[in-house]
Amino acid sequence: MNDLSTNTIGATDVIEKDVVIVGAGPVGLFAVFELGLLDLDTALIDILDKPGGQCAELYPEKPIYDIPGYPEITGEGLVERLIEQIKPFHPTFHLNRMVETLTREADGRFRVTTDAGDTFLARVVVIAAGGGSFQPKRPPVPGIEDYENTSVFYSVRRMEEFRDHDLLIVGGGDSALDWTLNLQPIARSLTLVHRRDEFRAAPDSVKKMHALLDAGKINFQLGQVSGLKGEGGQLAAATVKGKESEAEIACTRMLPFFGLTMKLGPVANWGINLEENLIPVDTEKFETSEPGIFAIGDINTYPGKLKLILCGFHEAALMSQAAARIINPDKRIVFQYTTSSSSLQKKLGVI
Ligand code: FAD
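Since the structure is predicted, the reported quantities are computational estimates derived from the model, not experimental observations. (Residues numbered from 1 in each chain as written. Predicted model: local features only at pLDDT ≥ 70, side-chain atom pairs only at ≥ 80, totals over all residues. Heavy atoms only, no water.)

**Student:** Tell me about the side chain of D118, residues and numbers included.
**Tutor:** If you trace the backbone, D118 turns up in the loop between β7 (110–114) and β8 (119–127). A polar contact is formed between the side chain of D118 and the side chain of R97, at a distance of 2.5 Å. (Helix = DSSP H or I, 4+ residues; strand = E, 2+ residues; numbered from the N terminus. Polar contact = N/O pair within 3.5 Å; in protein donor to acceptor, adjacent residues only side chain to side chain.)

Quick look at the structure:
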């Protein structure tokens, strides 16, 4: 995967852009390209820790056969090509954060805020939120809500927040193993809990985890977390139940990695008309019931809609024309081909 300039601007900064794109799935990514050709700068926000939406999260290694020009390409391969294609436009990526609110300012711009505390101002918002936001599955541990976001975290935003803590990492997939390997050097202690002694993670990660275990640098507990102990949201210990035994493990932070589920999430609260959890749009501009807010990709609906990546790409192209007219109302848009327009080729950095 290519390096991404994940934005780390602090909570007090306001990030001003022409267009904010909610969702960095394949359609949100391609929208950066079409908007970029029209000189519009973009910020992409996604709750996932990587771009690519469903392609990256649900089927990175599966081949897709209906992307024009690619007889066969994997989900991950397509995302890599899209990231390469949009590089000339330098979008900023704001990953690991969920867009929570979307409101209109007195000057007509939109204010977009995230659960990580950032604020964006933009003339146009593009909702490319797919099937909704990917959200972590909560393990069935009684009272776990009392510790969430103080001692129990479902993702790692800043590794430093886990330094010198007694960590309990729960799960047997890639996330659990990756974070075991990454956090072990800075944790005071680290215990990995999994209900089986077989792991679904990449074989290399499993091998490295076993090496840490053999070297006594981490602990492993077979079983499932059945209870938590602590006070005021501060975790002190977790009970892990095995088939025949029960253990109490001292810990100050717990990271459960039980996979993700898709939920519509905050999109429902933004005052936009919805139809069975989808956003109705017109097929000329892909604009929602709120002027200046567009919806493209799997999240929208219109007569004949197909939830296909190539349909989302088409929607991105038409939406961009309409967005450019809102942002630069006095500028004439000249229709141009990338093959023959030297002005477009300059923007792409190929001449
Ligand atoms: P998504 O890929 O769903 O991305 C949306 C992104 O928005 C997500 O990353 C989500 O986290 C983010 N998001 C949502 N709400 C928020 C919020 N409030 N704040 C921050 N981020 C948010 N299509 C094809 O064309 N061909 C195929 O062969 C094909 N095969 C498929 C196989 C499988 C197993 C699956 C599951 C799908 C397949 N699809 C295929 C469908 C295709 O993946 C989708 O059409 C495509 O991913 C839609 O792209 P998108 O960008 O609209 O949304």
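**Student:** Can you lay out the pattern of salt bridges for me, pointing to particular residues and giving the numbers?
**Tutor:** Per the stated rule, a full pass over the model turns up 21 salt bridges. With its nearest N and O atoms 4.0 Å apart, the salt bridge here joins D41 to K17. Placement of D41 in the loop between α1 (26–37) and β2 (42–45) and of K17 in strand β1 (residues 14–22) is noted, with a sequence separation of 24 residues between them. Note on D41: relative accessible area 31%, which makes it partly exposed. (Salt bridge = Lys/Arg side-chain N within 4 Å of Asp/Glu carboxyl O. Buried < 20%, exposed > 50% of the residue type's maximum accessible area, 1.4 Å probe, protein only.)

**Student:** Pulling in residues and values, what's your account of the sheet that holds strand β11 (residues 189–194)?
**Tutor:** Within the open sheet, the 4 strands sit side by side as β12-β11-β10-β16. Their pairing is parallel. With partners counted over all chains shown, the strands left at the sheet margins are β12 (219–222) and β16 (253–256), one partner each. Neighbouring strand axes in the sheet, compared pairwise and without regard to direction, differ in orientation by 20° on average. Pairing between strand β10 (residues 166–170) and β16: 4 bridges, direction parallel. Looking at the pairing, L167 lines up with R253 of β16. (Pairing = 2+ DSSP bridges. Axes fitted to C-alpha atoms, helices over the stretch in contact; angles between N-to-C directions.)

**Student:** How would you summarise the environment of T150 if you had to cite specific residues and measurements?
**Tutor:** Turning to its location among the elements, T150 is positioned in the loop between β9 (133–136) and β10. With sequence-adjacent residues up to four places away left out, T150 is seen in contact with G233, Q234 and R253. Side-chain polar atoms of T150 contact the backbone oxygen of G233, separated by 2.8 Å. (Contact = heavy atoms within 4.5 Å.)

**Student:** Outline a nonpolar patch on the surface, listing residues and values.
**Tutor:** Taken together, the side chains of L306, L308 and L310 present a nonpolar region at the surface, about 230 Å² in accessible area. For L308, the location among the structural elements is in the loop between β20 (300–301) and α6 (309–327). By relative accessible area, L308 is classed as partly exposed at 32%. (Patch = residues over 30% accessible without salt bridge, like charges linked within 9 Å, V, L, I, M, F, W, Y side chains within 5 Å. Areas by Shrake-Rupley, 256 points an atom, 1.4 Å probe, with all protein chains shown as cover.)

**Student:** Pulling in residues and values, what's your account of the site of the ligand?
**Tutor:** The ligand sits among 32 residues. The nearest are D46, Q54, Y59, V99 and D298. At 2.6 Å, a side-chain N or O of D46 approaches an oxygen atom of the ligand. In the environment of the ligand, an oxygen atom lies 2.8 Å from a nitrogen or oxygen atom belonging to the side chain of D298. For the ligand, whose unbound accessible area comes to 1,000 Å², protein coverage reaches 87%. Going through the elements one at a time, α1, α2 (53–57) and β9 are the ones with two or more residues in the shell around the ligand. Among the elements that make up the shell around the ligand, the one with the highest residue count is α1 (3 residues). (Near = heavy atom within 4 Å.)

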